[in-house]
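# Coordinate inspection notes
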Amino acid sequence: GNSVTQMEGPVTLSEEAFLTINCTYTATGYPSLFWYVQYPGEGLQLLLKATKADDKGSNKGFEATYRKETTSFHLEKGSVQVSDSAVYFCALSSGNTGKLIFGQGTTLQVKP
Amino acid sequence: NAGVTQTPKFQVLKTGQSMTLQCAQDMNHEYMSWYRQDPGMGLRLIHYSVGAGITDQGEVPNGYNVSRSTTEDFPLRLLSAAPSQTSVYFCASSQDRGDQPQHFGDGTRLSIL
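Each value, and the rule that gives it
Residues numbered from 1 in each chain as written. Chains lettered and ligands numbered in written order. Predicted model: local features only at pLDDT ≥ 70, side-chain atom pairs only at ≥ 80, totals over all residues. Heavy atoms only, no water. Helix = DSSP H or I, 4+ residues; strand = E, 2+ residues; numbered from the N terminus. Rg over C-alpha atoms; globule rule 2.2 N^0.38 Å. Buried < 20%, exposed > 50% of the residue type's maximum accessible area, 1.4 Å probe, protein only. Contact = heavy atoms within 4.5 Å. Areas by Shrake-Rupley, 256 points an atom, 1.4 Å probe, with all protein chains shown as cover. Lys, Arg positive; Asp, Glu negative; His and termini not counted. Charge placed at Lys NZ, Arg CZ, Asp CG, Glu CD. Pairing = 2+ DSSP bridges. Axes fitted to C-alpha atoms, helices over the stretch in contact; angles between N-to-C directions. Core = buried A, V, L, I, M, F, W, Y, C linked by side-chain atoms within 4.5 Å. Disulfide = S-S within 2.5 Å. Buried area = accessible area lost by both parts, 1.4 Å probe. Salt bridge = Lys/Arg side-chain N within 4 Å of Asp/Glu carboxyl O. Polar contact = N/O pair within 3.5 Å; in protein donor to acceptor, adjacent residues only side chain to side chain. Nonpolar A, V, L, I, M, F, W, Y, C, P; charged D, E, K, R; others polar.

Turning next to the overall build of chain A. Looking only at helices and strands, chain A has zero helices and twelve strands in total. In sequence order, chain A lays out its α and β elements as β-β-β-β-β-β-β-β-β-β-β-β. In terms of overall dimensions, chain A is globule-like: its C-alpha atoms have a radius of gyration of 13 Å, near the 13 Å expected for 112 residues. The C-alpha extent of chain A, read off along each of the three principal axes, is 45 × 30 × 20 Å. Residues counted as buried form 44% of the 112 residues belonging to chain A. For chain A, long-range pairs separated by at least 24 residues make up 56% of all intrachain contacts whose partners lie at least 6 apart in sequence.

With that settled, consider the overall build of chain B. The number of helices and strands found in chain B is zero helices and eleven strands. Relative to the globule expectation of 13 Å for 113 residues, the C-alpha radius of gyration of chain B, 13 Å, shows essentially globular dimensions. Seen through its C-alpha atoms, chain B measures out along the principal axes to roughly 40 × 30 × 25 Å. In chain B, 53% of the contacts between residues at least 6 apart in sequence involve partners at least 24 apart. Here chain B has roughly 5200 Å² of accessible surface; of this, 49% comes from carbon and sulfur atoms. Computing the positive centroid from 8 side-chain charges and the negative centroid from 10, chain B places the two 11 Å apart.

Attention shifts here to the sheet that holds strand β7 (residues 64-66) of chain B. All names here are of chain B. If you walk across this open sheet you meet the four strands as β1-β3-β8-β7, and the pairing is antiparallel. Across the chains shown, the open sheet's two edge strands, defined by having one partner strand only, are β1 (4-7) and β7. When strand polarity is set aside, the average angle formed by the axes of neighbouring strands in this sheet is 20°. One ladder, built from three bridges, connects β7 with strand β8 (residues 76-78); its direction is antiparallel. Opposite tyrosine 64, over in β8, you have leucine 78 as the bridge partner.

A few words on the nonpolar core. Inside soluble globular proteins, nonpolar side chains tend to come together where they are buried. Among the nonpolar cores identified, the biggest contains 26 residues, and Leu19, Trp35, Leu47, Leu48, Phe73, Leu75 and Tyr88 of chain A are the most heavily contacted of them. Where this core is concerned, the elements lending two or more residues are β2 (11-14), β3 (19-21), β4 (23-26), β5 (32-38), β6 (44-50), β8 (62-65), β10 (86-93) and β12 (106-111) of chain A. Here this core gets four residues from one element, more than from any other, and that element is β10 of chain A. If you look at the next biggest cluster of nonpolar residues, it comprises 19 residues, including Leu13, Met19, Leu78 and Cys91 of chain B.

Another point: the state of the cysteines. All names here are of chain A. For the structure shown, the criterion picks out two disulfides over all chains. A sulfur-sulfur distance of 2.0 Å marks the disulfide that ties cysteine 23 to cysteine 90. Note on the cysteine 23 and cysteine 90 pair: the S-S dihedral is about -70°, so by sign convention the disulfide is left-handed. Placement of the pair is cysteine 23 in strand β4 and cysteine 90 in strand β10, with a sequence separation of 67 residues.

Residue and element names in this part refer to chain A. Of the pairings in the sheet, the one linking strand β7 (residues 56-59) to β8 comprises four bridges and is antiparallel in character. Across the sheet, serine 58 pairs through a bridge with glutamate 63, a residue of β8. If you look at the hairpin formed by β7 and β8, you'll find two residues sitting between the two strands, and lysine 60 has a positive phi there, around 55°. By the bridge criterion, three bridges tie β8 to strand β9 (residues 75-77) in an arrangement that is antiparallel. Bridging from a neighbouring strand, glutamate 63 pairs with glutamate 76 of β9.

Quick look at the interface of chain B and chain A now. Often, the extent of an interface is quoted as the loss of accessible area upon association of its parts. Between chain B and chain A, the residue contacts involve 21 residues of the former and 22 residues of the latter. Carbon and sulfur atoms supply 55% of the area buried between chain B and chain A, which totals about 1600 Å² over both sides. Linking chain B to chain A there are zero salt bridges. Counting across the interface, chain B meets chain A through five residue pairs in polar contact (both at pLDDT 80 or more). Of all elements in the fold, only β4 (31-37) and β5 (43-51) of chain B reach the threshold of two or more residues within the side of chain B that touches chain A. Here the residues of the side of chain B that touches chain A sort into ten nonpolar, seven polar and four charged.

Structure representation (structure tokens):
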């Protein structure tokens, strides 16, 4: 079946450091891929998405490229800020039902 | 525009009690779903609905019931609460295409004693 695997956290970085959070997936067909972010005490918010191979999603300085050959969708940001501290979830959706399959989440803590 | 509204935000139950978690959306979305979030396990799909009158099971449906009598509302019912159902519950809605992002409520933190 479909599945998503994220790198384990927590990830602790200093402000302005480079961020990579790895995400790989297993799926039949051509899924859409998403990164969601969850700030403390809140629900999940869409960060970015990509719907086909080689698409790059980007938002708020974050980027991720849909790599079908490596079944990956790694999240990157060139310079993190304290305000980026949150839990990040990689997810995939296949078919037209809209069902999401999530990775286990990666906690990011950015220190000043 | 309120988006997805969940009530209550917090609830404590005793084992065997029943309750309903409410979810409402005002975006006229066809697709609605319930997830539970547990430490180290991400979010897991409980039940979902692709439109009024249509519901289906997700990954972890046991112990939960749902109904979808209107487009706006998608309540989740626990008939006989168990400690294993202690979790944070999120409701989400989206357009009914797989490439559309889901909009999440702020969650209900449920503790079963």
